[in-house]
Amino acid sequence: MNFSEARTEIQLLLSRVRPSELPKLLDWMRNSEELDDVVVDNQKVILQSISEDLRTSLPLDAMLPCETTAVHKTQQQSRPTVHVDAFLYDEQQLELLCEEGRMSRFYCLSCGSYRTSSLDFISHSFSIDELQFLFQNILPDLTGRLLLDVGSRLGAVLYGGYLYSSAARLVGVEITEEFVRLQNATVEKYGFSDRIQDVLVENADVLVMNNVFEYFMEPSNQIKAWRFIIHHFRKKGSLLVTVPSLQESLSALQEMLQPGWVEEVPLDHDVYLGRDDPDALRQIHLYRVI
């Protein structure tokens, strides 16, 4: 049912209500918390629909042939690691893939034996649960603000921000043409173009960086990118969301966090219940430009 059909159905329903009861119903619709769960569920359903659309356009590991650097760095991990995009595949879908034999959680320590060990999974996207946690528990009210997602990839942060926040503008920076095409198609299909736009880094109120450089750039280029961000993202009070922490990202490059740029904002990761993997939430860090 589209918007026009839903509006007609609601109008028809209201026309059947006894006049004496109509004010009570309208007041309930405006103010009752009973509708909150329905609205939240609808937002999640939209994200799940977007996820389903994108799965049909991407290989199982959601990695493109041009992402040779990311593939190489994944293969260099100390333990066997595979990319499973958390926006595309939640825990239930992952379990189904394993049951179908299309994916495995384990690798063989010696071929032909029963000696196996768990694979490590890595994702370059936030899951739907993580997006909900980010916009409903970590970030403040974003009314009138601009959010910039560096390395926006599939656009998950943009879609989550559109549905879970009141940000005035949501902008994705992505250099891979195929991902840009997928983002644009999704924005057009779901009618998000009124708030998802282009903008300069300097004007951003919120900057989101989820594993944005580590797997996609050589160290020398990572350092240049970080120095660009530190130099240009300077608006006092602006918020920076990172996975992993700044300290972890920069120390791996033997780069010092510039004093007087940002301060870390403590987070209560336990406030969000109903999450099977709280460790994933603890990887999210929030900083404020000072």
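Residues numbered from 1 in each chain as written. Predicted model: local features only at pLDDT ≥ 70, side-chain atom pairs only at ≥ 80, totals over all residues. Heavy atoms only, no water.

**Examining the overall build of the protein**
The helix and strand inventory of the protein stands at 11 helices and 10 strands. With the principal axes as the frame, the protein shows a C-alpha extent of 75 × 55 × 35 Å. Out of the 290 residues in the protein, the part that is buried amounts to 42%. A total of about 16,400 Å² of accessible surface is found on the protein, and carbon and sulfur atoms cover 52% of it. (Helix = DSSP H or I, 4+ residues; strand = E, 2+ residues; numbered from the N terminus. Buried < 20%, exposed > 50% of the residue type's maximum accessible area, 1.4 Å probe, protein only. Areas by Shrake-Rupley, 256 points an atom, 1.4 Å probe, with all protein chains shown as cover.)

**Quick word on the sheet that holds strand β7 (residues 206–210)**
Taking strand neighbours across the sheet as the criterion, the 6 strands line up as β6-β5-β7-β8-β10-β9 in an open arrangement whose pairing is mixed. Of all strands in the sheet, those bounded by a partner on one side alone are β6 (169–173) and β9 (262–265). Each adjacent strand pair in this sheet contributes to an overall mean axis angle of 20°, direction not counted. Bridge count for strand β5 (residues 146–150) against β7 is 3 bridges, and the pairing is parallel. Pairing of D149 across the sheet is with V208, part of β7. Its contacts with the sheet put helix α7 (residues 156–164) on β5, β6 and β7, and the angle it makes with β6 is roughly 175°. (Pairing = 2+ DSSP bridges. Axes fitted to C-alpha atoms, helices over the stretch in contact; angles between N-to-C directions. Contact = heavy atoms within 4.5 Å.)

**Points about the side chain of T74**
Tracing the backbone through its elements, the reader meets T74 in helix α4 (residues 68–75). Setting aside anything within four residues of it in sequence, one finds T74 in contact with T81, V82 and Y215.

**Considering the nonpolar core**
Judged by nonpolar contacts, the single largest core of 48 residues is most densely connected at L54, L58, F87, F135, L139, L147 and Y159. Elements supplying a minimum of two residues to this core: α3 (36–55), α5 (91–99), α6 (128–138), α7, α8 (177–189), β7 and β8 (239–243). The greatest single-element share of this core, amounting to 7 residues, is contributed by α7. Those residues in contact with F135, other than ones at most four positions away along the chain, are L142, L147, V157, G160, G161, Y164 and S165. Grouped together as the second largest cluster of nonpolar side chains are 24 residues, W226, L253, W261 and Y287 included. (Core = buried A, V, L, I, M, F, W, Y, C linked by side-chain atoms within 4.5 Å.)

In short, geometric facts, not functional conclusions.
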